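Reading the structure
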Amino acid sequence: SNKYEYDRIGMNGRIDTIQAAVLIEKLKIFKSELINRDKLAKYYKKQFLDHGTNIKLPKVISGATSSWAQFTIQLPSNCNRERFQSLMRDKNIPTAIYYPIPIHCQKPYANFPVSPDGLQNTMHLSNCVISLPMHPYLTPENIDYISKTVDEIIKNIS
């Protein structure tokens, strides 16, 4: 089994004293970090739209807000995600694939019902989404570099 495979349904709610102390301090700047993350997500989107990059950007439904814990894009279907990730790593840009195995494909959910189409959208997205760096201390220059690199890589491998 690998780190993305689960044998049972559960949760992990542990936190030690040092983590609690850090989180108490982080709460003091939480609101400003959320505001900054939102500004950065908007800047990411603007850069990708300005470049005309062939990706699907994350959307937030009207009236909702996002904490932007991740900035996850959908790569074009003709873009090899593993190759993309490797080329990003070569440019010192970390990426993440948080859920490579859809939950309905996990062992504990084997007997749960799924739709007759077999969750085709879920399967498709699990193979083409990738998360870019996102934290409240990114700079516009960081995002410029990341977005230009994403654009160049997609143009060269698609």
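On a predicted model such as this, the values are computed, not experimentally measured, just so you know. (Residues numbered from 1 in each chain as written. Predicted model: local features only at pLDDT ≥ 70, side-chain atom pairs only at ≥ 80, totals over all residues. Heavy atoms only, no water.)

Along the chain, the position of Met134 falls in the loop between strand 2 (129-132) and helix 5 (140-157). Classification of Met134 by relative accessible area gives buried; the value is 10%. The sequence separation of Met134 and Lys26 amounts to 108 residues, and the corresponding C-alpha distance is 17 Å. Those residues in contact with Met134 that sit more than four places away from it in its chain are Arg37, Leu40, Ala41, Tyr44, Trp68, Ala69, Gln70 and Phe71. (Helix = DSSP H or I, 4+ residues; strand = E, 2+ residues; numbered from the N terminus. Buried < 20%, exposed > 50% of the residue type's maximum accessible area, 1.4 Å probe, protein only. Contact = heavy atoms within 4.5 Å.)

Right, let's get into helix 5. Look at helix 5: 26 Å from first C-alpha to last across 18 residues, which is about the 26 Å you get at 1.5 Å a residue. For helix 5, the complete set of buried residues consists of Ile143, Asp144, Ile146, Ser147, Thr149, Val150, Asp151, Ile153 and Ile154. Residues of helix 5 that are buried make contact with helix 2 (30-51), strand 1 (71-74), helix 3 (81-90) and strand 2. (Expected span 1.5 Å × (residues − 1).)

We now examine the side chain of Gln85. Checked against the element boundaries, Gln85 lands in helix 3. For Gln85, a relative accessible area of 15% gives the class buried.

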